[in-house]
Amino acid sequence: MTQRTIIRNAHVVTVDAADREHSDGYVVIDDAVIVAVGGGPVPNEWTDERTRGAGGGGLNGDSARASSSSNNNNNETTVIDARGHLVTPGLINTHHHLYQWLTRGYAQDAILFDWLTALYPLWSRIDAELVEAGALGAMAVAARSGCSTVGDHHYVFPSGAGDILGGIVNAARTLGVRLHATRGSMDLGQSRGGLPPDFAVETIDAILAASDLAIDRYHNPNAGAMTQVALAPCSPFSVTADLLRESAALGRARGVRLHTHGSETVEEDAFCLEKFGRTPTQYLEDLGWLGDDVWMAHCVHLDAHAIGRFAATGTSVAHCPSSNARLAAGIAPVPAMLDAGVTVGLGVDGAASNESGQLGSEIRMAVLMNRLGAGAGRMTGRTALRMATMGGAKTLGRGAEIGSLEVGKLADVAVWKVDGVEHAGILDPVAALTLGAQPPLALLLVNGEAVVRDGELTRVDERDVAHAVARASGALRLR
Ligand SMILES: [Zn+2]
């Protein structure tokens, strides 16, 4: 039996290589895969007799209406009339620290190093149960903002804290979102010249063994994977050169991707110049940390030479404009990176430095920040939307499977309501998403399954999630 979903009468932004858009378009999905995309009426071959007898209830009680029917072969078709809606690929987040959902609102006016120093003691008291609650909250908010794939960077593993990565994987499975988890790490404590306190770091041996185990347990290398794992030592000022070198070797031996923070602040630049006599990019490149299997968060302070190295090596970037603004880290030179051919995805970063956690509104932030940084014509809304979709897919190594609405790709699809009071009458429905208020999310499909409908999560009661987050945040505060 095939479950067919037809979304029609919508403004469809495919984000394919030709940037095709269909102002009156359709997307046809069979089970978890997109089988047709185009403009105008849905061709008969997709509707045939399946769609007769349409009745059914509304998707959002307004203009996007769904109806279902089945034919003799027991195939079921759901038709969604999405006039007044914008259809995009599901958004892809390339950098987060889900556990930080429990530590929103701390160190509100600090720069990165002071903010980290304030938060390390709290973070070193987390455990698997608390992290699962925080991850559930963070991913719930991400999903409600159109995010179908969540990239996470987890690097705090207190001893005796249980299976933290398992808690994050559970939370993603509960909500139905795609997860790119990382087994992160820190091993350079204060006594050895690092920024984190010694109680927040692990030994190299423990990290490498846990990384190996995390890949065994949670990494699915197959097409269509809902969970993948990457290795992610935290940053040049919290890990040793040995850990960077050995993590890269392990990741490459196991065929998983590599992730870290780089060139986030001027203080990090100064740290690397003082300790290593090199910029963060030179230091990371010398340790094997540039390559087409690496993506780096922030990259705010890349000079032209560094951008050239990223482009030449195929290293991708997770651009996190809200976090960079919150911590006054600066404005990443994203237009220059894109000009050079660097792949750039969007990230919300951890909620302790971006209490919003919404990827949909991060698109607008990327437009505004990069215009401030480089000029009005240097970042269009559509370019930012591409970063949030196809750019993210490539950044996570999933460019062949997700990130655009094309035949054969996985059915990760966001349907945004743009005929409500925030957006009705707007000249360009894409501008509703990229310049306006984040539109209400009528539907979010992941692998063809509705994870968000009419702005609400389908698999969990949001009040339960909110309650669990409040309880976990309070418990952590008391520790
Ligand atoms: Zn980060």
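Basis of the calculations
Residues numbered from 1 in each chain as written. Predicted model: local features only at pLDDT ≥ 70, side-chain atom pairs only at ≥ 80, totals over all residues. Heavy atoms only, no water. Core = buried A, V, L, I, M, F, W, Y, C linked by side-chain atoms within 4.5 Å. Buried < 20%, exposed > 50% of the residue type's maximum accessible area, 1.4 Å probe, protein only. Helix = DSSP H or I, 4+ residues; strand = E, 2+ residues; numbered from the N terminus. Domains from an automatic or database assignment. Contact = heavy atoms within 4.5 Å. Buried area = accessible area lost by both parts, 1.4 Å probe. Salt bridge = Lys/Arg side-chain N within 4 Å of Asp/Glu carboxyl O. Polar contact = N/O pair within 3.5 Å; in protein donor to acceptor, adjacent residues only side chain to side chain. Nonpolar A, V, L, I, M, F, W, Y, C, P; charged D, E, K, R; others polar. Donors = N, O, S within 2.8 Å, 3.2 Å for Na, K, Ca; no water. Tetrahedral: all angles 85-135°; square planar, octahedral: opposite > 155°, others 65-115°. Phe/Tyr/Trp six-rings, centres within 6.5 Å; stacked < 30°, edge-to-face > 60°. Pairing = 2+ DSSP bridges. pLDDT = per-residue confidence, 0-100. Expected span 1.5 Å × (residues − 1).

Participant: An account of the nonpolar core is requested, with residue identities and associated values reported.
Facilitator: Core analysis: the largest hydrophobic core is formed by 118 residues, its most contacted members being Trp 115, Leu 116, Trp 123, Met 139 and Met 337. Ranked by residue count, the leading element in this core is helix H3 (residues 128–144), at 11 residues. Counting only domains with at least three residues in this core, you end up with domain 1 (3–88 + 403–457) and domain 2 (90–395). The contact partners of Trp 123, leaving out residues within four places of it in the chain, are Tyr 99, Gln 100, Thr 103, Trp 115, Leu 116, Tyr 155, Val 156, Pro 158 and Ala 352.

Participant: So what's going on with the domain arrangement of the protein? Residues and values would help.
Facilitator: Entries for the protein in the domain assignment read domain 1 (3–88 + 403–457) and domain 2 (90–395). A separation of 31 Å is found between the C-alpha centroids of domain 1 and domain 2. Between domain 1 and domain 2, the contact holds 30 residues from the first and 30 residues from the second. Both faces considered, domain 1 and domain 2 share a buried interface measuring about 2300 Å² in area, 59% of it formed by carbon and sulfur atoms. Area buried by domain 1 at its contact with domain 2 is led by Thr 434, Gln 438 and Leu 457, which between them contribute 23% of it. Seen at the junction of domain 1 and domain 2, the total is four salt bridges. The residue Glu 21 makes a salt bridge to Arg 382 at a minimum N-O spacing of 2.6 Å. Linking domain 1 with domain 2 are 12 residue pairs in polar contact (both at pLDDT 80 or more). Secondary structure elements with two or more residues in the side of domain 1 that touches domain 2: strand S15 (413–417), helix H14 (429–434), strand S16 (441–446) and strand S17 (449–453). A per-element tally of the side of domain 1 that touches domain 2 places S16 first, with four residues. Split by residue class, the side of domain 1 that touches domain 2 holds 16 nonpolar, eight polar and six charged.

Participant: How would you summarise unusual backbone geometry if you had to cite specific residues and measurements?
Facilitator: Although it is not a glycine, His 298 sits at a positive phi angle of roughly 85°. When its relative accessible area of 0% is taken as the criterion, His 298 is described as buried. Positive phi is not limited to glycine here, since Cys 299 has a value of about 50°. As for its position among the elements, Cys 299 is in the loop between strand S12 (294–298) and helix H9 (304–313).

Participant: Summarise the coordination of the zinc ion; cite the residues concerned and give the values.
Facilitator: Ideal donor angles around a metal are set by the shape: a four-donor tetrahedron calls for 109.5 degrees, a six-donor octahedron for 90 or 180 degrees. With distances of 2.1 to 2.4 Å, the protein atoms coordinating the zinc ion are His 95 (NE2), His 97 (NE2), His 261 (NE2) and Asp 349 (OD). Metal-centred angles of 87 to 176° between the four donor atoms at the zinc ion mark the site as irregular.

Participant: Could you give an account of the packing of aromatic side chains, with specific residues and numbers?
Facilitator: Geometrically, a pair of aromatic rings is defined through the distance of the ring centres and the angle of the planes. Applying the stated rule across the entire model yields nine aromatic pairs. Aromatic pair Trp 123 and Tyr 155: ring centres 6.4 Å apart, planes at 80°, arrangement edge-to-face. Taken together, the positions of Trp 123 in helix H2 (residues 112–123) and Tyr 155 in the loop between strand S8 (147–151) and helix H4 (164–175) put the pair 32 residues apart, joining distant regions of the chain. For Trp 123, a relative accessible area of 0% puts it in the buried group. Relative to Phe 271, the ring of Phe 237 lies with its centre 6.4 Å away and its plane at 75°, an arrangement referred to as edge-to-face. In this pair, Phe 237 is assigned in the loop between strand S10 (227–233) and helix H6 (241–254) and Phe 271 in helix H7 (residues 266–276), connecting sequence segments 34 residues apart. A residue is classified by how much of its surface remains accessible, and Phe 237, at 4% relative accessible area, is buried.

Participant: Residue-level account of the pairing of S8, with values.
Facilitator: Most of S8 sits out of view: five of its five residues are buried. Taken together, the three bridges between strand S7 (residues 91–93) and S8 define a ladder with parallel strand orientation. The residue bridging Leu 91 from the neighbouring strand is Cys 147, located in S8. Sheet analysis places S8 next to strand S9 (residues 178–185), joined by three bridges and oriented parallel. Paired with Thr 149 across the bridge in S9 is Arg 178.

Participant: Describe the confidence of the model for the protein, listing the residues and the values that go with them.
Facilitator: Model confidence for the protein is summarised by a mean pLDDT of 95, while 96% of its residues fall at 70 or above. Contacts of residues 52–58 to residues separated by more than four positions or lying in other chains number 14 contacts, the stretch itself having pLDDT below 50.

Participant: Talk me through the pairing of strand S2 (residues 21–30); I want residue IDs and the actual numbers.
Facilitator: Judged by how many residues are buried, S2 sits mostly within the fold: seven of 10 residues are covered. In this structure, strand S1 (residues 3–13) lies alongside S2, joined through seven bridges in antiparallel fashion. Within S2, the position partnered with Thr 5 by the bridge is Ile 29. Relative to strand S3 (residues 33–39), S2 runs antiparallel, the two sharing six bridges. Within the sheet, the bridge partner assigned to Val 28 lies in S3 and is Ala 36.

Participant: How would you explain helix H12 (residues 359–374) if you had to name every residue and give the values?
Facilitator: Between its terminal C-alpha atoms H12 stretches 22 Å, which fits the 22 Å expected from 16 residues at 1.5 Å a residue. Of the residues trailing H12, Gly 375 is marked for its positive phi of about 115°.

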